[in-house]
Structures are given as C-alpha cells and as structure tokens.
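As a plain string of letters, each chain reads:
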Amino acid sequence: MIRSYIALGSNLDQPKQQVLTAIQTIAATPDCHIIAQSRLYGSIAIGPGTQGNYVNAVIAIDTSLNAHNLLTTLQAIEARHHRQRNIRWAARTLDLDLLLYGRENIHTSDLIIPHPRMFDRDFVLRPLADIAPAELLRRYLGENANVGYSDNDNLWVLESDDKAITN
C-alpha cells in the first residue's frame, strides 16, 4: 500500500456536501483506505469572474492503485459530481488533486507528483499540515518550515470545533 495525499475543493452546488460526499466515495473505493482527514476550511476563490468561497480539505489514503489509476479514479469521481473543465480556475463542483504518492516523483503528460502548485497554496498546505507527519512536511518545505497556521482573511476553519481525524 502506498500512502497518498489528496486535496479536495468545491465552491458550487453545496460545496461542503460535495467535499464530504467525495470523501465517502473515496473511502468506498476498492484498493483505497482513508487514513486521515483534515478539518474543513473555507477559502477565498481565485480565478476568473465572481465566485463563491471554497470548501477545502486534504485526506491521506493508503492505496494499492498505481498513481495513474488513482488519478483516473479521482477524475471519475469528479465527473460524477458534474465537474466541468472548460475554463482554468473556474468555479467547480469538485476538484480532486493528487498531491503526493508515496515518495515518488512523477512527471508525465497527465500527472505531476508532487503536485506542482501545492507549495504555493495555503488552502492545500494548511489542511495537509493537519494530517501529514511533520517530517513529511519538512522534506518538501525545508527544515525551518513554519507549518503553524492561523485563520486569516483568505483561509479559515469552517467550524471552530472541527478536528482533524487521524488513525
């Protein structure tokens, strides 16, 4: 089994429910076992036009799927949530990004691991910091990385009593 981290985001059609349903779907997927789930975060949308706020989370799974099959599985879940891919950074019902796949570095035409923009996005790093071991974060962010986050104008915990779930 390979430990993988997946970012989830939505800002259309009941975003919180979209994210929670996607987590349940991934949990029910053969060859995938959820290990941990971050708290749910709200974030300001970036992208074209006026968009609603996002709901974001990160989960850790153990999977026996190879990276490309896991990506295909995630894209099929997005499609079931009516994900449209016509405009880059447009509002979306569901976005599932494969962030890390074990310790592998993958660079193909359809998959780059680690995810190329994850280190620039607080809405990915903060939920990842909820559940990822500190040594994993230091591996990618450096020994002196500050992974202590607090709510700000662009990112906040949706519910103050929400806790990350780790096994």
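Residues numbered from 1 in each chain as written. Predicted model: local features only at pLDDT ≥ 70, side-chain atom pairs only at ≥ 80, totals over all residues. Heavy atoms only, no water.

Some thoughts on the overall build of the chain
For the chain, the count of helices and strands is four helices and nine strands. From first element to last, N terminus to C terminus, the chain shows the α and β order β-α-β-β-β-α-β-β-β-α-α-β-β. The long-range fraction of contacts in the chain, counting pairs at least 24 apart against all pairs at least 6 apart in sequence, stands at 72%. Total accessible area on the chain stands at roughly 8,800 Å², and carbon and sulfur atoms take up 48% of it. (Helix = DSSP H or I, 4+ residues; strand = E, 2+ residues; numbered from the N terminus. Contact = heavy atoms within 4.5 Å. Areas by Shrake-Rupley, 256 points an atom, 1.4 Å probe, with all protein chains shown as cover.)

Considering unusual backbone geometry
Trans is the prevailing form of peptide bonds, just as negative phi is the prevailing case for residues other than glycine. The omega torsion of the bond from Ile-113 to Pro-114 falls at -5°, within 30 degrees of zero and hence cis. Secondary-structure assignment places Pro-114 in the loop between strand S7 (112–113) and helix H3 (122–131). Unlike most non-glycine residues, Gln-14 shows phi in positive territory, near 60°. Looking at the secondary structure, you find Gln-14 in the loop between strand S1 (2–10) and helix H1 (15–27). One non-glycine residue, Asp-31, lies in positive phi territory at about 70°.

Concerning the pattern of salt bridges
In a structure, side chains of opposite charge can pair up when their charged atoms sit close to one another. In the structure shown here, the tally under the stated rule is three salt bridges. Across the salt bridge formed by Glu-159 and Lys-16, the nearest N and O atoms sit 2.3 Å from each other. With Glu-159 in the loop between strand S8 (155–157) and strand S9 (165–166) and Lys-16 in helix H1, the pair connects residues that are 143 residues apart, well separated along the chain. On the basis of relative accessibility, which here comes to 34%, the residue Glu-159 falls in the partly exposed class. Judged by its relative accessible area of 33%, Lys-16 is partly exposed. (Salt bridge = Lys/Arg side-chain N within 4 Å of Asp/Glu carboxyl O. Buried < 20%, exposed > 50% of the residue type's maximum accessible area, 1.4 Å probe, protein only.)

So, the environment of Tyr-54
Residue position: Tyr-54 is located in strand S4 (residues 54–63). Take Tyr-54: its relative accessible area is 10%, and that puts it in the buried class. Residues Tyr-54 and Tyr-41, 13 residues apart in the sequence, show an inter-C-alpha distance of 7.9 Å.

Considering the pairing of S4
Across the ten residues of S4, ten count as buried, placing the element largely inside the fold. Of the two faces of S4, both are covered, the one formed by Tyr-54, Asn-56, Val-58, Ala-60 and Asp-62 as well as the one formed by Val-55, Ala-57, Ile-59, Ile-61 and Thr-63. Bridge count for S1 against S4 is nine bridges, and the pairing is antiparallel. Note on S4: the bridge partner recorded for Arg-3 is Asp-62. Relative to S4, strand S2 (residues 32–37) runs antiparallel, the two sharing five bridges. Across the sheet, residue Cys-32 finds its bridge partner in S4, namely Thr-63. Of the pairings in the sheet, the one linking strand S3 (residues 41–43) to S4 comprises three bridges and is antiparallel in character. Bridge pairing in S4 links Gly-42 to Val-55. (Pairing = 2+ DSSP bridges.)

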